[in-house]
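# Analysis of the macromolecular model
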Amino acid sequence: RLNPDGTLDNSYNAGSGFDGGVNVVRVLPDGRSLVAGSFHAFNGANCPPLLLFNADGTLAPSPGALTSLETVYDVQVQLGSQFVVAGTFSTANGAPRRFLARIGANGSLDPVFVPPEPDSGLNAVAVLGNGSILAGGGFSTVGGVSQQAIARFHGTTGALEPSFAGARDVGT
């Protein structure tokens, strides 16, 4: 981490690091950071691939209670204290959640958010201004519905929003 003047911030404790790749870092309004990726250890200790760090770089009580996540490619904050997680996983806290889940800051799975399953993993997720969730990846269907590479989900329930046309071949 760098200071505003570009010099190294020696007060930030990055530790010895991760055993795998980091795919995304999200700085939260309170200065903490969410870090997600394909790692399963940090500073030599086993961990899930979604961790929360304090502003000083120390590990915070983490939403990483989702030990069944395999790889997280993206994470976004929704409703101030919930995290929408996209990646390649089939369960979250023991419940079926294929590639898309919403968890609380304490790591608990949101039981109301139950999106239909894409046929392939998700690489990106965004929370829209109206609360809906836009997700992209290598999929061609979501819950059996043709949806090429991009889909929009209801922000509360995770239901596929049929009014969203999705990606179409617009030619070159």
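Quick note: structure is the one above.
## Overview of the overall build of the protein
Across its full length, the protein holds 0 helices and 15 strands. Across the 172 residues in the protein, those meeting the buried criterion constitute 42%. Counting only contacts in the protein whose residues sit at least 6 apart along the sequence, the fraction spanning at least 24 positions is 32%.

## A few points about the sheet that holds strand 1 (residues 22–27)
Pairing between sheet strands relies on hydrogen bonds along the backbone, with the strands arranged either parallel or antiparallel. One open sheet accounts for 3 strands, arranged 1-2-5; its pairing is antiparallel. Edge positions in the open sheet fall to strand 1 and strand 5 (50–53), since each of these has one partner strand only. Geometrically, the sheet is characterised by an average inter-axis angle of 20° between neighbouring strands, direction not taken into account. Bridge count for strand 2 (residues 33–37) against strand 5 is 4 bridges, and the pairing is antiparallel. Bridge pairing links Val-35 to Leu-51 in strand 5.

## What about the nonpolar core?
Core analysis: the biggest nonpolar cluster contains 17 residues, and Leu-34, Leu-50, Val-75 and Val-85 have the highest contact counts within it. Taken together, the elements giving at least two residues each to this core come down to strand 2, strand 5, strand 6 (71–78), strand 7 (82–88) and strand 10 (100–104). Residues Val-84, Ala-86, Phe-113 and Ala-151 belong to the second largest nonpolar core, which totals 14 residues.

## So, the pattern of salt bridges
Summed over all chains, the structure comprises 4 salt bridges. Where Asp-74 meets Arg-26, a salt bridge forms, and the shortest distance between an N and an O atom there is 2.6 Å. Here Asp-74, found in strand 6, pairs with Arg-26, found in strand 1; they are 48 residues apart in sequence, far enough to count as distant. For Arg-26, a relative accessible area of 25% translates into the label partly exposed. Arg-152 is paired through a salt bridge with Glu-161; the nearest N and O atoms lie 2.4 Å apart.

## Regarding the pairing of strand 7
Buried residues dominate strand 7, accounting for 6 of its 7 residues. Hairpin connection from strand 6 to strand 7: 3 residues lie between these consecutive antiparallel strands, with Leu-79 at a positive phi of about 55°.

## As for the sheet that holds strand 12 (residues 133–137)
The strand order across the open sheet formed by 3 strands is 11-12-15, and the pairing between neighbours is antiparallel. Sheet topology places strand 11 (122–127) and strand 15 (150–153) at the edges, where each strand pairs with a single neighbour. Between one strand axis and the next, the sheet turns through 20° on average, direction left out of account. Of the pairings in the sheet, the one linking strand 11 to strand 12 comprises 5 bridges and is antiparallel in character. Counterpart to Ala-124 in the pairing with strand 12 is Gly-136.

## Looking at the packing of aromatic side chains
Considering all chains together, one arrives at 4 aromatic pairs under this definition. Taken together, a centroid distance of 4.3 Å and an interplanar angle of 40° make the contact between Phe-18 and Phe-39 tilted. One end of the pair, Phe-18, is in the segment before strand 1; the other, Phe-39, is in the loop between strand 2 and strand 3 (41–42), with 21 residues separating them in the sequence. Accessibility expressed as a relative area gives 0% for Phe-39, which makes it buried. Between the aromatic rings of Phe-42 and Phe-53, the centroid separation amounts to 5.1 Å while the plane-to-plane angle is 75°, which identifies the pairing as edge-to-face. Placement of the pair is Phe-42 in strand 3 and Phe-53 in strand 5, with a sequence separation of 11 residues. Note on Phe-53: relative accessible area 4%, which makes it buried.

Here is what the cut-offs are and how they apply
The residue numbers shown here count from 1 along each chain, following its written sequence. Note on the predicted model: pLDDT of at least 70 is required for a residue's local features to be given, and 80 or more for side-chain atom pairs to be given and counted; whole-chain, interface and lining totals, by contrast, use all residues. To obtain the side-chain values, all non-hydrogen atoms of the structure were included, while hydrogens and water were left out. Numbering of helices and strands starts at the N terminus; helices are DSSP runs of H or I of at least 4 residues and strands are runs of E of at least 2. To sort residues, take the accessible area from a 1.4 Å probe on protein chains only and compare it with the maximum for the residue type: under 20% means buried, over 50% means exposed, and anything in between is partly exposed. Residue contacts are counted whenever heavy atoms from the two residues lie within 4.5 Å of one another. Here, a strand pair is defined by DSSP locating no fewer than two bridges between the strands. A fitted line through C-alpha atoms serves as each axis, taken over the contacting stretch for helices, and the angle formed by two N-to-C directions is quoted from 0 to 180°. The nonpolar core is taken to be a set of buried Ala, Val, Leu, Ile, Met, Phe, Trp, Tyr and Cys residues, with the residues joined through side-chain atoms within 4.5 Å. What counts as a salt bridge is simple: a side-chain nitrogen of Lys or Arg found within 4 Å of a carboxyl oxygen of Asp or Glu. Note on ring pairs: Phe, Tyr and Trp rings are taken, using the six-membered ring of Trp, and paired if centres are within 6.5 Å. Classes follow the plane angle, with under 30 degrees stacked, over 60 edge-to-face and the rest tilted.

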